[in-house]
Amino acid sequence: MTKLTIVAFDGTRFELDAENGSTVMENAVRNSVPGIEAECGGACACATCHVYVDEAWTDTVGPPQPMEEDMLDFAYDVRPTSRLSCQIKVTGTLEGLVVHVPERQA
């Protein structure tokens, strides 16, 4: 299990124990994190699981792949640290990862 923190737009922190191999989105949905809608269920076919990766983690998480970049064009308030949480696989190297949920999804 890997610990990760999802910070809702209102500042509420969700400290989660995430199974390696799952995605940040799956864990957000499983734990009812507000603001993560995940309408496509993790197929990278929408932008409703958009998050901001904490700046301390951007190098470790890495940049979005081209298909994810295309989907981010539909996200609200895209920033340099924007990612789709369905595309962030949980691994031991992400122990302590922090992501922030935007004000709203697209």
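Our structure is the block above this text.
Bear in mind the structure is a predicted one, so any value in this text is a computation, not a measurement.

**Student:** Can you explain the pairing of strand 2 (residues 13-18)? Please cite residues and give values.
**Tutor:** Taking every second residue as pointing to the same face, the buried face of strand 2 carries Phe-14, Leu-16 and Ala-18, while none of Arg-13, Glu-15 and Asp-17 on the other face is buried. For strand 1 (residues 2-7) and strand 2, the ladder comprises six bridges, and the chain directions are antiparallel. Across the sheet, the residue bridging to Thr-5 is Glu-15, located in strand 2.

**Student:** Before we move on, could you go through the pairing of strand 1 and cite the residues and values that matter?
**Tutor:** The element strand 1 is largely enclosed, with a buried count of five among its six residues. Count of turn residues in the strand 1/strand 2 antiparallel hairpin: five residues, of which Gly-11 carries a positive phi of about 95°. Pairing of strand 1 with strand 5 (residues 97-100), which is carried by four bridges, proceeds in the parallel orientation. Looking at strand 5, one finds that Thr-5 is bridged to Val-98.

**Student:** Help me get a handle on the nonpolar core, residues and values and all.
**Tutor:** Counting 30 residues, the largest nonpolar core has Leu-4, Ile-6, Val-24, Ile-36, Leu-84, Ile-88 and Leu-97 as the members making the most contacts within it. Among the elements of the structure, strand 1, strand 2, helix 1 (24-30), strand 3 (50-53), helix 3 (66-72) and strand 5 are those that each provide at least two residues to this core. Discounting chain neighbours no more than four positions away, the residues touching Leu-84 are Cys-44, Cys-46, Ala-47, Cys-49, His-50, Glu-68, Met-71 and Leu-72.

**Student:** Help me get a handle on unusual backbone geometry, residues and values and all.
**Tutor:** At Ser-32, a residue that is not glycine, the phi angle is positive and equals roughly 55°. As for its placement among the helices and strands, Ser-32 is situated in the loop between helix 1 and strand 3. Under the relative-accessibility criterion, Ser-32 is labelled exposed at 59%. You will see that Cys-44, though not glycine, has its phi angle at about 60°, which is positive. Along the polypeptide, Cys-44 turns up in the loop between helix 1 and strand 3. On the accessibility criterion, Cys-44 (5% relative accessible area) is buried.

Calculation notes
Residues numbered from 1 in each chain as written. Predicted model: local features only at pLDDT ≥ 70, side-chain atom pairs only at ≥ 80, totals over all residues. Heavy atoms only, no water. Buried < 20%, exposed > 50% of the residue type's maximum accessible area, 1.4 Å probe, protein only. Helix = DSSP H or I, 4+ residues; strand = E, 2+ residues; numbered from the N terminus. Pairing = 2+ DSSP bridges. Core = buried A, V, L, I, M, F, W, Y, C linked by side-chain atoms within 4.5 Å. Contact = heavy atoms within 4.5 Å.

Interpretation note: all reported values are geometric properties and have no functional meaning in isolation.
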